[in-house]
Amino acid sequence: MKKTATLKVDNREYKLPVVIGTEKEKGIDISKLRAESGYITLDPGYTNTGSCESSITYTDGEKGILRYRGIPIDELAQKSDFIEVADLLIWGSLPTKVMRKRFTDLLTNNALLHESLKHHFEGFPFDSHPMAMLSAMVNALSCYHPVLAMPHSSSEIEKAAAILISKIRTITAFSYKMSRGEPFIYPKSEFSYAENLLHMMFSLPHEPYEVHPEVKRAVDLILILHADHEQNCSTSTVRMVASSGANLFASISAGIAALWGHLHGGANQAAIEMLEDIHSGSIDVKQYIKMAKDKKSSFRLMGFGHRVYKNYDPRAKILKKLSKNVFSVLKHKDPLLDIALELEDIALSDPYFIERKLYPNVDFYSGLIYRAIGVPKNMFPVFFAIGRLPGWIAHWKEATENNRLQLARPRQIYVGHAKQNYVPISKRSTKKS
Ligand code: CMC
């Protein structure tokens, strides 16, 4: 017999189906509750609401576990690469040699931007935020690939994924070049994904950028660590936009906008700005911790805390180690690393952070690595977006396939005025104006 939960309200009992996941996570299906009882559930910020069943990524926030399609993140970080992880997330299994070669070729063949699309850059002020440009340019891809924007068959999805994953790198590099007034640099087919990203950003026509193998590997690893994180804000946005029937490129453009915010993907930029503030001497580590604990202030320790992880974020653990490695191979010294380590030590021994289970998250150390490589602060969230793209594509595919599309449309509890009559302008009270 199927397990149920019982809800008793207004002296009536309602049997609600219990849903159990692969890893024994427990949910109560309330989808019919309103029709049967007149009640909805209220959960601002969706802190306790499952929006879907998904087979892409598993997290256990209490234990600090992250797995893509069942494979632990540490294992992928050690053995895989970003393009293989993209295949894994989108298709559900690691690619065969044939699949891998086909996808790599598609990426190479789609690296360029249509010449007219390239002209869109001229419409942006030179100091535009690269996330704004990225979101707009990805949406504009719908105009250049109208059929593939709404892919149906596997081969169309593969091509659409290749267009997005390849062109997002070109758009990123071109927006960086535009901000510096430098000529665009084109990708090289013999380079790996991460190597091409660095080459297109940092090479000059008269001076090719020498990519250190450890830096190439670090960028690839960062992209792997960001590739998916189940129903986070931007991924939920992609799924929600997709639920209206919007195309893949438009849905992902909305996801990029959601990622931009400082509580989500913009936290890597905000975390570095916080470390810079401390370094500038305007405020010290202890004062920052005090401000973060002050309930009268809206200030938070950036790069700390997570909706899901109530333990050390497994990605932050890898990034902390990676940052030391990158610093050592580049012989790079950054006082901000010492400040970050001090901040972490103080926070992790402070009862406020211990009681609330607040640990460094993925955004705490990633910015230090970007800085060491020479990536400007406003491009940190862009690197996050490049990494998250395979996850967004996988979720768009999962949400839309098999005609399971169901419009996402939350309800509300209305707390505004009760019914009132329209007052003509001549009779309105002047007290408010
Ligand atoms: N600094 C100080 N206090 C914090 C912090 C922080 N970074 N994060 C949470 N808290 C406190 C919060 O004030 C609350 O305290 P109280 O119980 O006394 O009211 C308690 O911890 C629980 O916080 P919450 O707001 O209910 O937790 P949440 O799950 O809604 O927030 C978060 C998650 C990531 C938005 C939050 O931790 C935060 O704002 N962190 C800083 C921004 C950040 O680093 N974001 C990146 C998240 S990871 C990558 C990504 O998803 O993009």
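I will try to describe carefully the structure that is included in this document.

So, how was this worked out
- Residues numbered from 1 in each chain as written.
- Predicted model: local features only at pLDDT ≥ 70, side-chain atom pairs only at ≥ 80, totals over all residues.
- Heavy atoms only, no water.
- Helix = DSSP H or I, 4+ residues; strand = E, 2+ residues; numbered from the N terminus.
- Expected span 1.5 Å × (residues − 1).
- Buried < 20%, exposed > 50% of the residue type's maximum accessible area, 1.4 Å probe, protein only.
- Contact = heavy atoms within 4.5 Å.
- Phe/Tyr/Trp six-rings, centres within 6.5 Å; stacked < 30°, edge-to-face > 60°.
- Axes fitted to C-alpha atoms, helices over the stretch in contact; angles between N-to-C directions.
- Parallel < 35°, antiparallel > 145°, perpendicular 65-115°, else oblique.
- Left-handed = near helix turned anticlockwise from the far one by under 90°.
- Nonpolar A, V, L, I, M, F, W, Y, C, P; charged D, E, K, R; others polar.
- Pairing = 2+ DSSP bridges.

When the terminal C-alpha atoms of helix α6 (residues 130-144) are compared, their 21 Å separation across 15 residues agrees well with the 21 Å that a helix rising 1.5 Å per residue should span. Among the residues of α6, those classed as buried are Pro130, Met131, Met133, Leu134, Ser135, Met137, Val138, Ala140, Leu141 and Ser142. Contact partners of the buried residues in α6: α5 (115-118), α7 (154-180), α11 (248-260) and α18 (380-400).

For any two aromatic rings, the description comes down to two numbers: the centre-to-centre distance and the angle of the planes. Within this structure, the stated rule accounts for 15 aromatic pairs. On the basis of an interplanar angle of 90 degrees and a centroid distance of 5.3 Å, the ring pair of Phe304 and Phe364 is categorised as edge-to-face. In this pair, Phe304 sits in the loop between α13 (285-293) and α14 (314-329) while Phe364 sits in helix α17 (residues 362-373), placing the two residues 60 residues apart along the sequence. In this structure, Phe304 and Phe364 share a single accessibility class: buried. Plain terms: the ring middles of Phe364 and Tyr365 are 5.0 Å apart, the flat faces sit at 85 degrees to each other, and that makes the pair edge-to-face. Overall, Phe364 belongs to the buried group, its relative accessible area being 1%. Of the aromatic side chains, those joined through ring pairs into one cluster are Phe304, Tyr352, Phe353, Phe364 and Tyr365.

Let us now look at the packing of α6 against α7. Contact geometry for α6 and α7: axes closest at 10 Å, N-to-C directions at 140 degrees. Taken together, the axes of α6 and α7 are oblique relative to one another. By crossing handedness, the relation of α6 to α7 is classed as right-handed. For the pair α6 and α7, the contacting residues are Pro130, Met133, Leu134, Met137, Val138 and Leu141 in the first and Ile163, Leu164, Lys167, Ile168, Ile171, Thr172, Ser175 and Met178 in the second. Looking at the contact of α6 with α7, its residues break down into eleven nonpolar, two polar and one charged.

The strand order β1-β2-β3 describes an open sheet built from three strands, whose pairing is antiparallel. Because the sheet does not close on itself, it has two edges, and the strands there are β1 (4-9) and β3 (26-28). Strand after strand, the sheet turns through a mean of 35 degrees between neighbouring axes, direction not considered. Where β1 lies against strand β2 (residues 12-20), six bridges are found, and the strand directions are antiparallel. Of the residues in β2, the one forming a bridge with Val9 is Arg12.

Attention shifts here to the sheet that holds strand β6 (residues 71-72). The antiparallel open sheet is built from three strands, whose spatial order is β4-β5-β6. Both edges of this open sheet fall to β4 (57-60) and β6, since each of them pairs with a single strand only. When strand β5 (residues 65-68) meets β6, the two strands line up antiparallel, connected through two bridges. Bridge pairing in β6 links Tyr68 to Ile71.

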